[in-house]
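Examination of the molecular architecture
So the chains spell out like this:
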Amino acid sequence: MNWRNLILAGLTGAAIGYVVTKKQTETVTPEKALKQLKEKASEHYRISGAWIMVKAEEKNVHGLPYSVYKGGFSNSSPGTETSHFEFLIDASTGSLLELIQK
């Protein structure tokens, strides 16, 4: 193996390491998190309005620390009274951590 190949292999490894590290530290945007939640929730609820906080905050959920987005939505199924829900979404993965009917 000559020096050129060694340097090329090192640069390639460094580039791959950078991309993987950057991908692991990225957070889900609040808009994307809300869109995903609305798509899943619309299978069970008729959503008439939804909101999400754009700034993530640190919160313990079930004893574990998370960076979360807080939000909520209204369910207005025909023939029933409108109900309101609040949720917490993991800012790193977009996973729903908590859904509470208010």
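In this report, we go over the structure that sits alongside the text. Note that this is a predicted model, so its numbers are computed, not measured. (Residues numbered from 1 in each chain as written. Predicted model: local features only at pLDDT ≥ 70, side-chain atom pairs only at ≥ 80, totals over all residues. Heavy atoms only, no water.)

1. Let's talk about the nonpolar core
Residues V28, A33, L34, L37, A41, I52, Y69, F73, F85, F87, I89 and A91 constitute the largest nonpolar core, which totals twelve residues. Of all elements in the fold, only α2 (30-41), β3 (64-75) and β4 (83-90) reach the threshold of two or more residues within this core. Setting aside anything within four residues of it in sequence, one finds L34 in contact with A50, W51, I52 and F87. (Core = buried A, V, L, I, M, F, W, Y, C linked by side-chain atoms within 4.5 Å. Buried < 20%, exposed > 50% of the residue type's maximum accessible area, 1.4 Å probe, protein only. Helix = DSSP H or I, 4+ residues; strand = E, 2+ residues; numbered from the N terminus. Contact = heavy atoms within 4.5 Å.)

2. Brief notes about the pattern of salt bridges
Overall, the coordinates contain two salt bridges when judged by the stated rule. In this structure, E57 and K70 form a salt bridge, with 3.3 Å as the shortest nitrogen-oxygen distance. Placement of E57 in strand β2 (residues 57-61) and of K70 in strand β3 is noted, with a sequence separation of 13 residues between them. The class for E57 is partly exposed, based on a relative accessible area of 33%. According to the relative accessible area criterion, K70 is partly exposed, its value standing at 32%. Of the charged contacts, one joins K102 and E86 as a salt bridge, the two residues approaching to 4.0 Å between their closest N and O atoms. You can see K102 sitting in the segment after β5 (96-101) and its partner E86 sitting in strand β4, a full 16 residues away along the chain. (Salt bridge = Lys/Arg side-chain N within 4 Å of Asp/Glu carboxyl O.)

3. A closer look at unusual backbone geometry
A positive phi angle is found at H62, which is not glycine, with a value near 55 degrees. If you trace the backbone, H62 turns up in the loop between β2 and β3.

4. Structural notes on the packing of aromatic side chains
Each pair of aromatic rings is reported with the distance of its centres and the angle of its planes. Per the stated rule, a full pass over the model turns up four aromatic pairs. An angle of 15 degrees between the planes, with centres 5.0 Å apart, marks the rings of F73 and F85 as stacked. Of this pair, F73 sits in strand β3 while F85 sits in strand β4, placing them twelve residues apart in sequence. Judged by relative accessible area, F73 falls into the buried class, the value being 3%. Following the ring pairs from residue to residue traces out a cluster consisting of Y45, F73, F85 and F87. (Phe/Tyr/Trp six-rings, centres within 6.5 Å; stacked < 30°, edge-to-face > 60°.)

5. Side note on the side chain of S83
Relative to the helices and strands, S83 resides in strand β4. The residues touching S83, leaving out its near neighbours within four places in the chain, are F73, S74, N75 and Q101.

6. Some points on α2
In this model α2 runs 16 Å from its N-terminal to its C-terminal C-alpha over twelve residues, within 8% of the 16 Å that 1.5 Å per residue would give. Among the residues making up α2, those that are buried are P30, A33, L34, L37 and A41. Mapping the buried residues of α2 onto a view down its axis gives an arc of 95 degrees, with all of them on the same face. Across α2 from its buried face, at more than 90 degrees, point the exposed residues E31 and K35. Packed against the buried residues of α2 are β1 (47-52), β3, β4 and β5. (Expected span 1.5 Å × (residues − 1). Arc of directions from axis to C-beta.)

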